[in-house]
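Residue-level structural notes
The chain contents come next:
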Amino acid sequence: MKRRKFVKNAMLGSMGAIIGTEIVFGSSMPDGYKPLALQDPDPFKMFDKDRDMVVLNDKPWNIEAQAHLLDDKITPNKYMFIRNNGLIPEDIDEKNWTLTIEGESVKQKKTFTLAELKSKFTQHTYQLTLECGGNGRSEFDPPAKGNQWTIGAVSCATWTGVRLRDVLADVGIKDDAVYIGYHAADVHLSRNPSKEPISRGAPMAKVMQEETLLAFKMNGKDIPLAHGYPLRLVAGGWPASVSGKWINGISVRNKVHDGAKMTGTAYRVPCNPVAPGEKVKDEDMCIIESMPVKSLITYPKSGAVLKEGKKLNIRGHAWAGELEVSKMEYSIDFGSTWKSCTLNKPANRLAWQHFSASIAFPKKGYYEVWARATDEQGIAQPMLLPGWNPKGYLNNACHRIAIKVS
Amino acid sequence: MDNSENIRKAIREVSRLMSVILVVFGIMIGMLVYFMVDPTLSAFKSVPSADEDILVYQDNEVQLSEEDFDKIENGIHIRTGLIEGEGLMEVVNNCTNCHSAKLVTQNRMNKERWVATIRWMQETQNLWDLGKNEEIIVNYLVANYPVKKKGRRELLSNIDWYELQE
């Protein structure tokens, strides 16, 4: 009797094991396909983006602009690129959202509610240029893996928030603080809750700048969900991955932050230049800080045909990471001669600058208008691709548009 | 008498037990065979009813009949956008669970770098051991998404010409 019961139990046990496998597969496999509320198939509607924006990836969502879409002086949401490393958090509760500051180099751990951040500290508003470190990756040869951004992973919106340095001063920071790292509510692609999709940061010098914000408004409204609602770190002029979205924690570290995508080869370039395709050891890769000088012709759209004798008015933006752009030029003869553009001062430090020019063409034919910015240290954009690097970052080669005079 | 009765009883019991084991074994084998044919157990999937977004999604996208689900048109696997070729389904089944197929189709790499990418995903992104599928997947990727030479700067291409009105 006992033996029979034992056999029966053993049978049930192994059946259960099989059913167990079924249940695990049954519930986890569709999960992979399960569209979250946010992973709905129409990203343009879902994120309120213009239909001319280009979807590079839908899991995670990565969407870029085209040059002519970036013509506004201040980038509206509908033309702002989306770069996600993980899945957009769901069910955000703004009322109960908190930011916890901790780490080896805080004098005490402290948690703020969003309301406390807004009421306790002075609010500031800046126009801040955010460019993805991998903007322009698609041009590298040999190619680098990852999202193949062309030119549209850049924006300059108005950000409102409190200074990170004011909040850190309230918490109390030890003298040995070296770096901060952010923590956020987004979900790792594997859905493993113990993995962070991305947790990057910045050295204290960048953290202490007056333009480095804990922002809760973009262009005067709540930050759109895809751009970090309800709280985003914004560090203009640096790879946009430093500007963590949906943040709920900041670690003040006594060493360089070692969160996800801080180590290995992520957001790093070879410390010393390498030949195209060369292998680079992890320890020979250095963290990208300020982005390089760059510009975009946002008007007209490439492909304009105009009548002989008519002048072409061009305009666009130029930016140089931490620096200001001091000179803007264009060429219609592949760099044989360069002419100056009118260049405006930035609205504030780390905002992109606007340029314009009126171009006369000597005769009928095919032209390319090339634009070249030079920063305040005399460094200009290259016409060819800049130094090859394994992950395809920092392509600041001159932008150009095709023109026909008929 | 008692003894032989007991023995007969025991034999009956053992044979009954043996037939139970046989039947259960048969069921298990049947399930395993089914699992081989339909590894995702798609026939058992119920339509989630609570979440409207899922329903909308299924209405728009996945309401394809069984044979339409992996439909191929002009050499493209419609559901993922991947190029039709040997190893396509291995790629679909192993490479589009965590990330979009777009992350595959927009990239161009040689064998060594596709393998390195798989290793990176295994080390950091919870990708499973691909077993003998790895070779099939890598061969598919190298054949269909090989490196394209671009040089130091490409020509402007696909220019959409238009009359400029000013």
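Residues numbered from 1 in each chain as written. Chains lettered and ligands numbered in written order. Predicted model: local features only at pLDDT ≥ 70, side-chain atom pairs only at ≥ 80, totals over all residues. Heavy atoms only, no water.

As annotated in an unreviewed UniProt entry, chain B is Monoheme cytochrome C from Spongiivirga citrea.

Applied cut-off: UniProt positions are given in the numbering used here, feature names are shortened, and annotations may be inferred rather than shown by experiment.
As recorded in an unreviewed UniProt entry, chain A goes by the name Molybdopterin-dependent oxidoreductase, listed as coming from Spongiivirga citrea. The annotation that UniProt attaches to chain A under Cofactor (unreviewed entry) is "Mo-molybdopterin".

1. Re the UniProt feature "domain: Oxidoreductase molybdopterin-binding" (unreviewed entry) in chain A
We count it as follows: Put simply, DSSP H or I for four residues or longer makes a helix, DSSP E for two residues or longer makes a strand, and each gets a number counted from the N terminus.
The positions UniProt marks with the feature "domain: Oxidoreductase molybdopterin-binding" (unreviewed entry) are residues 88–259 of chain A. Overall, residues 88–259 of chain A shows 11% helix and 32% strand. The separation of its end C-alpha atoms is 19 Å.

2. Things to note about the state of the cysteines
When the sulfur atoms of two cysteines share a covalent bond, that bond is a disulfide. Residues and elements named next belong to chain A. Quick note on the threshold: Note on terminology: pairs of cysteine sulfur atoms within 2.5 Å are recorded as disulfides.
Counting across every chain of the model gives one disulfide over all chains. Across the disulfide, Cys-271 is cross-linked to Cys-286 (sulfur-sulfur distance 2.0 Å). One disulfide, between Cys-271 and Cys-286, carries an S-S torsion of 100° and so falls in the right-handed class. On the criterion of sequence distance, the pair formed by Cys-271 in the loop between β14 (268–270) and β15 (285–287) and Cys-286 in strand β15 is long-range, its members being 15 residues apart.

3. Quick notes on the packing of aromatic side chains
Stated formally: Two aromatic rings from Phe, Tyr or Trp, using only the six-membered ring of Trp, form a pair when their centres are within 6.5 Å; if the ring planes differ by under 30 degrees the pair is stacked, by over 60 it is edge-to-face, and anything between is tilted. In this scheme, a residue with accessible area under 20% of its type's maximum is buried, one over 50% is exposed, and one in between is partly exposed, where area comes from a 1.4 Å probe on protein chains only. Two conditions define a charge sitting above a ring: the NZ of Lys or the CZ of Arg must be within 6 Å of the ring centre, and it must be within 35 degrees of the ring normal.
Enumeration according to the criterion identifies nine aromatic pairs over all chains in this entry. Ring centres of Tyr-366 of chain A and Trp-161 of chain B lie 6.2 Å apart, and the angle between their planes is 80°; on these two criteria the pair is classed as edge-to-face. One end of the pair, Tyr-366 of chain A, is in strand β23 (residues 365–375); the other, Trp-161 of chain B, is in the loop between α7 (133–144) and β4 (162–163), on a second chain. The class of Trp-161 of chain B is partly exposed, set by a relative accessible area of 30%. Lying over the aromatic face of Phe-216 of chain A, Lys-118 of chain A brings its terminal NZ or CZ to 5.2 Å of the ring centre. Over the ring of Trp-338 of chain A we find Arg-372 of chain A, and its NZ or CZ is 4.1 Å from the ring centre.

4. Side note on the pairing of strand β6 (residues 123–131) of chain A
One face of the sheet, then the other: side chains in a regular strand alternate in exactly this way. Residues and elements named next belong to chain A. Note the cut-off: Strand pairing is defined by DSSP finding a minimum of two bridges between the two strands.
Counting buried residues along β6, seven of its nine residues qualify, which places the element largely inside the surrounding structure. Examined bridge by bridge, β6 and strand β7 (residues 154–163) share nine bridges and lie antiparallel to one another. Counted as the bridge partner of Tyr-126 is Trp-159 from β7.

5. Overview of unusual backbone geometry
At the junction of Lys-59 of chain A and Pro-60 of chain A, the peptide bond is cis and its omega measures out at 5° in the coordinates. Examined against the element boundaries, Pro-60 of chain A turns out to sit in the loop between β1 (54–58) and β2 (61–64). In the Ramachandran plot, Arg-191 of chain A falls in the positive-phi region, its phi being about 65° despite a non-glycine side chain. Along the polypeptide, Arg-191 of chain A turns up in the loop between β8 (179–184) and β9 (201–203). You will see that Asn-158 of chain B, though not glycine, has its phi angle at about 50°, which is positive. Summarising the element assignment, Asn-158 of chain B is placed in the loop between α7 and β4.

6. With respect to the pattern of salt bridges
Residues and elements named next belong to chain A. To keep things clear, this is the line we draw: Take a side-chain nitrogen of Lys or Arg and a carboxyl oxygen of Asp or Glu: if they are within 4 Å of each other, that pair is a salt bridge.
One pass over the full model with this rule turns up 25 salt bridges over all chains. Between Glu-329 and Arg-372 there is a salt bridge; the shortest N-O distance is 3.2 Å. Here the residue Glu-329 occupies a position in strand β19 (residues 325–331), and Arg-372 occupies one in strand β23, the gap between them amounting to 43 residues. Here the salt bridges share partners, and the residues they tie into one network are Glu-104, Arg-253, Lys-255 and Asp-258.

7. With respect to helix α4 (residues 88–95) of chain B
For clarity, the cut-off: Whether two residues are in contact is decided by their heavy atoms, any of which lying within 4.5 Å being enough.
Regarding α4 of chain B, the residues found buried are Leu-88, Val-91, Val-92, Asn-94 and Cys-95 of chain B. Those residues of α4 of chain B hidden inside the fold are in contact with β1 (72–73), β2 (76–77), β3 (82–83) and α7 of chain B.

8. Quick look at the confidence of the model for chain A
Cut-off, in case you're wondering: Per-residue confidence from the prediction method is given by pLDDT, with values spanning 0 to 100.
Mean pLDDT over chain A: 91, with 90% of residues reaching 70 or higher. Counting interchain partners and residues more than four positions distant, the pLDDT-below-50 stretch residues 1–39 of chain A has 47 contacts.

9. As for the pairing of β8 of chain A
All names here are of chain A. In terms of burial, β8 is a largely internal element, six of the six residues being buried. Across three bridges, the pairing between β8 and β9 is antiparallel. Looking across to β9, one finds that Gly-181 is bridged to Gly-201.

10. Section: α7 of chain B
Residues and elements named next belong to chain B. In plain terms, the rule: A helix's residues, less one, multiplied by 1.5 Å, set its expected span. Taken from the helix axis, the directions to the C-beta atoms give the arc we talk about.
End to end, α7 covers 16 Å across twelve residues, agreeing with the expected 16 Å (1.5 Å per residue, within 8%). Restricting attention to buried positions, one finds in α7 the residues Glu-134, Ile-137, Val-138, Tyr-140, Leu-141 and Asn-144. Within α7, the buried residues cover an arc of 160° as seen down the axis, which keeps them to one side. Within α7, the exposed residues directed more than 90 degrees away from the buried face are Glu-135 and Ala-143. Against the buried residues of α7 lie β3, α4, α5 (102–105) and α6 (111–124).

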